[in-house]
Amino acid sequence: MYPFLDLITLTTVSVGVLLIGTAGIILLKKPMDKVIMFALLQGGFIGLIVSAKYLDVAVAAAVFDPISTIIMLIAITKLDEIRKKKIKSQEDGFFA
Amino acid sequence: MNEIIAIIIAAVLSWINFVLIDTWMGLPEQPGVKGAEVIGRSVKRRGGDLAGGFFQGNIVCSPDASAGTLLASAACYTIGTPEGGLIAAILVYFGNRLCADPGYAGTTGALSITCIIFAASYIGIGPADFIVGMVLAIVTIQGLYHPFSSRLLGKIAKKMGRHTKLP
Amino acid sequence: MLIQILGIIVLLMALRTLFAQDRSERMLYLNAMSFGIAGLMALYIQTPFGAIIAITYFIASTISSNAIAYSIGRVKNEIILDE
């Protein structure tokens, strides 16, 4: 039908998702939103590896990427707890 | 058969398959894992139904009948019709235990969609149409407008007696 | 034809993830996009290993979505140091 419908293959869709994920990581402010965009970027990345027919690399990447996401989430949760505890102890310091 | 009609029929069949099996297995009643509760409460806060929100949260956070349907149809497309469904059912069972979810919704969905694909192959609808149909069904539930679809899922849950009792 | 339909769905869901307002809404769009990418991978590589790739990627993406949703519940409104 339209000539640009022939451009939609796995390669171009994965590159598009990758670029949208990158734009999200750069533009969004809070760290949790950046982690969600990082998960989007992982999807596009694995799609790109599969479209280049490196299938065993894709299996390894699919297994190891969520581990890095979980490590980042542990870091964000810990940092937030520490900051909230500091602010709470400062407020108690004012009252005491 | 015409391609668009085949995709639409496959989408309707897979929608019915995974919504009925998930509702019957009790997915709208309570959140299976912790992350589903967060999503369910957020959908309710934005104007939806709590049971529908728990349903959508359970789809995101653990492999249920929707995952079983998609992966069984992908396996039937590449491996061949009855064998692929059984292989997908075993792997979805492992995935369920990995996510610490004690249910059997994924395997039931995979086995039932294998029977449906086998029956639909006599009409001329191949497993590839079921892959696209399943993605379209998920987009209508989770990708368009969350309060409306969660209210629809809540009505189906109430009709089957599986609405949630949590506040 | 099938790959084109799935490709358009994936790109639309990715754009909706970028422009959504609420965090849990983003998780739902992200999950729909993962369904699409798993289907695309199975349709592109038509050998049995393509199904194995789709299954592995989908279950791994479900585990990471579960972790992100749990952390969204724990960190209600986080504090950032600058700005």
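In short, a report on the structure. (Residues numbered from 1 in each chain as written. Chains lettered and ligands numbered in written order. Predicted model: local features only at pLDDT ≥ 70, side-chain atom pairs only at ≥ 80, totals over all residues.)

Concerning the overall build of chain A
Inference 1: Helix and strand counts for chain A stand at three helices and zero strands.
Inference 2: Whereas a compact globule of 96 residues would reach a radius of gyration of roughly 12 Å, chain A reaches 20 Å, over 25% beyond that.
Inference 3: Each principal axis of the C-alpha atoms in chain A carries an extent, and together these give about 75 × 30 × 15 Å.
Inference 4: Within chain A, buried positions represent 29% of all 96 residues. (Helix = DSSP H or I, 4+ residues; strand = E, 2+ residues; numbered from the N terminus. Rg over C-alpha atoms; globule rule 2.2 N^0.38 Å. Buried ≥ 20, exposed ≤ 12 C-beta atoms within 10 Å, placed from the backbone.)

A look at the overall build of chain C
Inference 1: Looking only at helices and strands, one finds three helices and zero strands in chain C.
Inference 2: Ordered by position from the N terminus, the helices and strands of chain C form the series α-α-α.
Inference 3: Taken over C-alpha atoms, the radius of gyration comes to 16 Å for chain C, far larger than the 12 Å a tight globule of 83 residues would show.
Inference 4: The dimensions of chain C, computed from C-alpha atoms along their principal axes, are 50 × 25 × 20 Å.
Inference 5: The buried share of chain C, reckoned over its 83 residues, is 60%.

Digging into the packing of helix 2 (residues 31-51) of chain A against helix 2 (residues 23-44) of chain C
Inference 1: At a minimum axis distance of 10 Å, the contact between helix 2 of chain A and helix 2 of chain C shows a crossing angle of 5 degrees. As the angle between them shows, helix 2 of chain A and helix 2 of chain C are arranged roughly parallel. Seen from helix 2 of chain A, the contacting residues are Met32, Asp33, Ile36, Ala39, Leu40, Gly43, Gly47, Val50 and Ser51 of chain A; seen from helix 2 of chain C, they are Arg23, Arg26, Leu30, Met33, Ser34, Ile37, Leu40, Met41 and Tyr44 of chain C.
Inference 2: For the contact of helix 2 of chain A with helix 2 of chain C, the class distribution of residues is 11 nonpolar, four polar and three charged. (Axes fitted to C-alpha atoms, helices over the stretch in contact; angles between N-to-C directions. Parallel < 35°, antiparallel > 145°, perpendicular 65-115°, else oblique. Contact = placed C-beta atoms within 7 Å. Nonpolar A, V, L, I, M, F, W, Y, C, P; charged D, E, K, R; others polar.)

What to know about the interface of chain C and chain B
Inference 1: Every contact between the two is made by 37 residues of chain C and, on the other side, 37 residues of chain B.
Inference 2: Elements with a minimum of two residues in the side of chain C that touches chain B: helix 1 (2-18), helix 2 and helix 3 (48-74) of chain C.
Inference 3: Considering each element in turn, the side of chain C that touches chain B owes the most residues, 15 residues, to helix 3 of chain C.
Inference 4: The residue inventory of the side of chain C that touches chain B, partitioned by class, reads 24 nonpolar, 11 polar and two charged.

Some thoughts on the environment of Ile87 of chain B
Residues and elements named next belong to chain B.
Inference 1: Relative to the helices and strands, Ile87 resides in helix 5 (residues 81-98).
Inference 2: According to the C-beta neighbour criterion, Ile87 is buried, with 21 such atoms within 10 Å.
Inference 3: In this structure, the C-alpha to C-alpha distance between Ile87 and Ala75, residues 12 residues apart in sequence, is 7.5 Å.
Inference 4: Each residue touching Ile87, except ones within four places of it in the same chain, is listed here: Ala75 and Ile79.

Remarks on the environment of Gly7 of chain C
Inference 1: By the element assignment, Gly7 of chain C lies in helix 1.
Inference 2: For the pair Gly7 of chain C and Gly39 of chain C, spaced 32 residues apart in sequence, the C-alpha separation works out to 9.9 Å.
Inference 3: Not counting residues up to four positions away in its chain, the partners in contact with Gly7 of chain C are Ile8 and Val13 of chain A together with Leu40 of chain C.

Points about the interface of chain C and chain A
Inference 1: Listed as interface residues are 37 residues of chain C and, on the opposing side, 38 residues of chain A.
Inference 2: If you list the elements that add at least two residues to the side of chain C that touches chain A, you get helix 1, helix 2 and helix 3 of chain C.
Inference 3: When residues of the side of chain C that touches chain A are assigned to their parent elements, the largest contribution, 13 residues, is made by helix 3 of chain C.

Points about the packing of helix 2 of chain A against helix 3 of chain C
Helices that pack against each other are described as a pair by the angle of their axes relative to one another and the distance between those axes.
Inference 1: Contact geometry of helix 2 of chain A with helix 3 of chain C gives a least axis separation of 11 Å together with a crossing angle of 175 degrees. Classed by the angle they form, the pair helix 2 of chain A and helix 3 of chain C counts as roughly antiparallel. Contact with helix 2 of chain A, carried on its side by Met32, Val35, Ile36, Ala39, Gly43, Ile46 and Val50 of chain A, involves Ile53, Tyr57, Ser61, Ser64, Ile68 and Ile72 of chain C of helix 3 of chain C and no other residues of that element.
Inference 2: Of the residues in the contact of helix 2 of chain A with helix 3 of chain C, the class split is 10 nonpolar, three polar and no charged.

Quick word on the nonpolar core
Buried together is how nonpolar side chains tend to be arranged in soluble globular proteins.
Inference 1: Of all hydrophobic cores here, the largest spans 105 residues; its most connected members are Leu71, Ala88, Ile131 and Val135 of chain B together with Val10, Met41 and Ala54 of chain C.
Inference 2: Not counting residues up to four positions away in its chain, the partners in contact with Val135 of chain B are Leu6, Ile9, Phe35, Gly36 and Gly39 of chain C. (Core = buried A, V, L, I, M, F, W, Y, C linked by C-beta atoms within 7 Å.)

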